[in-house]
Structures are given as structure tokens and as C-alpha cells.
Amino acid sequence: MRHIMDALDLSPEELDDLICLAKRIIDNPEKYSECCKGKKLATCFYEPSTRTRLSFEAAMLNLGGSVLGFSSADSSSAAKGESVSDTIRVISSYADICAMRHPKEGAPLVASMHSRIPVINAGDGGHNHPTQTLTDLLTINILKGRFDNLKIGFCGDLKFGRTVHSLINAMVRYENVEFVLISPPELRIPDYLRKGTLDANNIKYTEVSDLDSVIGDMDLLYMTRVQRERFFNEEDYIRLKDSFILDAAKMALAREDMLVLHPLPRVNEISTEVDEDPRAVYFKQAQYGVYIRMALIMTLLGIKVD
Ligand code: NCD
């Protein structure tokens, strides 16, 4: 049995296999439509979600399985004071696999230690979000055709944005990847990532606070919202929330083949006028999230179709 807490829990080879499976599913979804018949996915979400929870559920339903779960801490026994370890012990006898999101960093890891079924971290506080990273990797693979030789801009809340942390960790394993980290000084990436991942791997990166001056020279621009729920005070959020707004004028400065990704939800950081630009791929990206989660569920349950 295997849990997924971090995108790095999968080796580059396993990641390739997962991406290949997701692509085979895209090409022939019918072939996979019954392969998880009789299996149940539990979605235990202690924090709000639209895409992650529903794409997990859609993924399991597309595979012919069933879903159960809760979508907020308030509607689970967490509201009565139950620990995640007790909850997962019980869920282990109700379901075959569990996706868990929690506002506390490490909570899904604690759950995995007490679980008899595979646990997937569906986002733990400001720490990690491995299945968003798998979604991002599938998007990059399909639309860009490579992971090597990429210059990737990350823009917005790089301090609290768990999708950024997970994707940086995953991308440093490829050749000649360079990062441009665009954020207000207060929202720069955490030190553990700068030292432990970027410096430790001799990765080329720059930290800037202005998007216009760097947007012209990137293969990918990964936009993120400012993570209001992780701020200690509302004034700081209000001051920082509109630090970057990607609009048509900024897109005019970018290369013709630069793709714009965003894990969504978008707040103000991408003007809706950008949605029509063929380089804006964030809605497609959300769609790919279903296929990669189908591939992940199959893999963790040991189900083979081909
Ligand atoms: C992200 C998350 O929850 O971290 N959303 C998602 O899962 N697609 C990004 C965000 O909330 O800003």
C-alpha cells in the first residue's frame, strides 16, 4: 500500500508512467469506464475546494467506482473534536482510497500513518498539493511537449501558495529548468525551499517584484492568487492582494508560445480579457486534473487495464 503526500513520492519514471496512462485515458475513456467498479473513494475535505474534490470524485465516477465523503470540517466529526487519526481509522473500513485536504500542514501525513487504505494529500495548509502538481505536469507535457529546458515564471503568493511549492519541487528534477519568482517581497518563497531545493540543487532562479520586466522571456507563467485564508491580518491581505494583474497589455509583452497556467480559483490576478488568448490554458489545465487523478487512483489501487 502506498500514500501520496508529495509529488516527489513518485520517481520521474513513475511520473512518466502516470502521464502516459492519463494520455491513454484521454484517448479512450470508454476503455477505463468500469475498471474501478465496486471500489470507493472517500474525499475528506476539511478546507474549501471546488476543483480538487470534484475532479477526484469525477475521476472515480469515470472509472465506474463510487464516492463518499465530507466537504467541510463543520459537517464532519472534526467539529466535535475528533482527530484525523481516528477519522481515517474508521474511513479505512468504509472506502478503498482516500483524498484528504486539511488546513494544517502534515495532517494528511498523520492520517496516512493510521490508515489501512492509500491516502492522497489533496492540499495541506501552505505546504504541498501533489495532485495539482500532477495536473500541472500533464498540462505542461501535453501542451509544451517537454519538461526540460523550460524557463518558468511563478507569480503571486509564493509564500503560502502550496501549488507553487509542490511544482517547484517537481520541476527541479528536470534538465536546465530555470525559475523567475515574481512576488511582493513579503510573499517570496519560504526559506526551506530556497535553500533546501533551489540552492541545494544549483537551480538558476531570480526573485523580482515586477512582472512587466520579465514576462517577455518565459516559456510558462504560473499565476496564483494571494492566499487570504493563510494571512494573519486582513490589512496585509488587502495591501497585497492586487499586486499583480495579468491583462491583455501584459500578454502583449509575452512570447507567442508562452503558456499561462493557474491552479484556480482566480480572484483578480488574471483579467477575464486574457481568457480568450490561446496562450491562457488554465481551464484546460483544470480538465486535465480529472484524467491524471483517474490515472493516480488506478495506480494506487493496483488496477491495470492495458
Ligand atoms: C489551489 C489550492 O487549493 O491550493 N486550488 C486548487 O486546488 N486548484 C490554489 C488556490 O487555492 O489558490
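Residues numbered from 1 in each chain as written. Predicted model: local features only at pLDDT ≥ 70, side-chain atom pairs only at ≥ 80, totals over all residues. Heavy atoms only, no water.

**Overview of the layout of surface pockets**
There is about 400 Å³ of room inside the largest pocket. Lining of the largest pocket is provided by 21 residues; of these, Arg101, Arg162, Arg225, Leu264 and Pro265 occupy positions nearest its centre. Of all the secondary-structure elements, those providing two or more residues to the lining of the largest pocket are α2 (51-62) and α6 (162-171). When the residues that make up the lining of the largest pocket are grouped by side-chain class, the tally is four nonpolar, ten polar and seven charged. Size it by volume and the second largest pocket reaches roughly 320 Å³. What lines the second largest pocket is a set of 15 residues, among which Asp17, Leu21, Thr299, Ile303 and Lys304 lie closest to the centre. For the lining of the second largest pocket, the secondary structure elements donating two or more residues are α1 (12-27) and α10 (282-301). (1 Å grid on protein atoms, 1.4 Å probe; cavity = no way out; pocket = protein on both sides within 12 Å on 5 of 7 lines; lining within 4 Å. Points joined across faces, edges and corners; volume = space filled by probe spheres on them. Helix = DSSP H or I, 4+ residues; strand = E, 2+ residues; numbered from the N terminus. Nonpolar A, V, L, I, M, F, W, Y, C, P; charged D, E, K, R; others polar.)

**As for the site of the ligand**
The local shell around the ligand consists of Thr52, Arg101, His129, Gln132, Arg162, Thr163, Arg225, Gln227, Pro263, Leu264 and Pro265. In this structure, an oxygen atom belonging to the ligand sits 2.8 Å away from a side-chain N or O atom of threonine 52. Within the contact set of the ligand, an oxygen atom lies 2.7 Å away from a side-chain nitrogen or oxygen of histidine 129. For the ligand, whose free accessible area comes to 310 Å², the fraction covered by protein is 94%. Its atoms largely coinciding with the cavity grid, the ligand occupies the largest pocket. Residue composition of the shell around the ligand, grouped by class: three nonpolar, five polar and three charged. (Near = heavy atom within 4 Å. Polar contact = N/O pair within 3.5 Å; in protein donor to acceptor, adjacent residues only side chain to side chain. Areas by Shrake-Rupley, 256 points an atom, 1.4 Å probe, with all protein chains shown as cover. Sits in = over half its atoms within 2 Å of the grid points.)

**Quick notes on the side chain of serine 85**
With respect to the element layout, serine 85 can be found in helix α3 (residues 84-91). Take serine 85: its relative accessible area is 15%, and that puts it in the buried class. In terms of polar contacts, serine 85 uses its side chain to reach the side chain of serine 83, at 3.2 Å. (Buried < 20%, exposed > 50% of the residue type's maximum accessible area, 1.4 Å probe, protein only.)

**Things to note about the sheet that holds strand β2 (residues 66-70)**
The strand order across the open sheet formed by four strands is β2-β1-β3-β4, and the pairing between neighbours is parallel. Only two strands of the sheet have a single partner each, and these edge strands are β2 and β4 (119-124). Sheet twist, expressed as the average angle between the axes of neighbouring strands with direction ignored, equals 15°. The pairing of strand β1 (residues 40-45) with strand β3 (residues 97-102) spans five bridges and is parallel. From the neighbouring strand, leucine 41 faces β3, where its bridge partner is isoleucine 97. The strands touched by α2 within the sheet are β1, β2, β3 and β4, with β1 carrying the most contacts at an inclination of about 175°. (Pairing = 2+ DSSP bridges. Axes fitted to C-alpha atoms, helices over the stretch in contact; angles between N-to-C directions. Contact = heavy atoms within 4.5 Å.)

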